[in-house]
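This is what each chain is made of:
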Amino acid sequence: DMNQHKQLLKDLDAKLARTDASATTYETKFQVATRTVNSLKVGIQSIFTKIGCNASVMSEMLADTQVTENNMMQYLGMIEA
């Protein structure tokens, strides 16, 4: 019947609006997390350099001369050592 169809459409529109709002929220959270990780990478690289570590000499152990998400823990371990 027509009323059921209209109600179904209204319900689907409401669900779509909630889903869009959730997607926007998660996108914002992702952007904040990405900025945080990038700041951490810069900070770790800075500390690594300031304490006199040379990534090019240790590139075999680090697999990269720049801090990445994949090697952040290795850099932190070397800073700690």
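Everything below is about the structure shown above.
Residues numbered from 1 in each chain as written. Predicted model: local features only at pLDDT ≥ 70, side-chain atom pairs only at ≥ 80, totals over all residues. Heavy atoms only, no water.

Asks: Give me the overall build of the protein: which residues, what numbers.
Replies: A tally of regular secondary structure across the protein gives 3 helices and 0 strands. Secondary structure elements of the protein, listed N to C terminal, follow the sequence α-α-α. Computed over the C-alpha atoms, the radius of gyration of the protein is 24 Å, more than 25% above the 12 Å expected from 2.2 N^0.38 for a compact globule of 81 residues. Summarising its shape, the C-alpha atoms of the protein cover approximately 75 × 20 × 15 Å along the three principal directions. Counting over 81 residues, the protein shows a buried share of 14%. In the protein, of all internal contacts separated by at least 6 residues, the share reaching a separation of at least 24 is 41%. Surface summary for the protein: the accessible area is close to 6500 Å², and the carbon and sulfur share equals 59%. When the 8 positive and 9 negative side-chain charges of the protein are each reduced to one mean point, those points stand 9 Å apart. (Helix = DSSP H or I, 4+ residues; strand = E, 2+ residues; numbered from the N terminus. Rg over C-alpha atoms; globule rule 2.2 N^0.38 Å. Buried < 20%, exposed > 50% of the residue type's maximum accessible area, 1.4 Å probe, protein only. Contact = heavy atoms within 4.5 Å. Areas by Shrake-Rupley, 256 points an atom, 1.4 Å probe, with all protein chains shown as cover. Lys, Arg positive; Asp, Glu negative; His and termini not counted. Charge placed at Lys NZ, Arg CZ, Asp CG, Glu CD.)

Asks: Let's hear about helix α1 (residues 2–50): which residues, and what values?
Replies: Taking 1.5 Å per residue as the helical rise, α1 with its 49 residues ought to reach 72 Å, and the 72 Å between its terminal C-alpha atoms agrees with that figure. All of the buried residues in α1 are K41, I44, Q45 and F48. Buried residues along α1 sit in contact with α2 (59–62) and α3 (72–80). A positive backbone phi angle near 90 degrees is found at G52, which sits one or two residues after α1. (Expected span 1.5 Å × (residues − 1).)

Asks: Provide a residue-level description of α3, including the pertinent values.
Replies: The complete set of buried residues in α3 reads M72, Y75 and M78. Mapping the buried residues of α3 onto a view down its axis gives an arc of 130 degrees, with all of them on the same face. The outward face of α3, more than 90 degrees from its buried face, is lined by the exposed residues M73 and E80. Here the buried face of α3 lies against α1 and α2. (Arc of directions from axis to C-beta.)

Asks: Any chance you could break down the nonpolar core for me, citing the residues and the numbers?
Replies: Membership of the largest hydrophobic core is limited to 8 residues, which are I44, F48, A55, L62, V67, M72, Y75 and M78. Only α1 and α3 provide two or more residues apiece to this core. Element by element, the count of residues in this core is highest for α3, at 3 residues. Excluding residues within four positions of it along the chain, L62 makes contact with F48, A55, N71, Q74, Y75 and M78. (Core = buried A, V, L, I, M, F, W, Y, C linked by side-chain atoms within 4.5 Å.)

Asks: Tell me about the side chain of K41, and name the residues and values.
Replies: In this fold, K41 is placed in helix α1. Despite its burial, K41 pairs with no opposite charge; the closest candidate is E69, at 4.5 Å N-O. Residues in contact with K41, not counting those within four places in the same chain, are V67, T68, E69 and M72. (Salt bridge = Lys/Arg side-chain N within 4 Å of Asp/Glu carboxyl O.)

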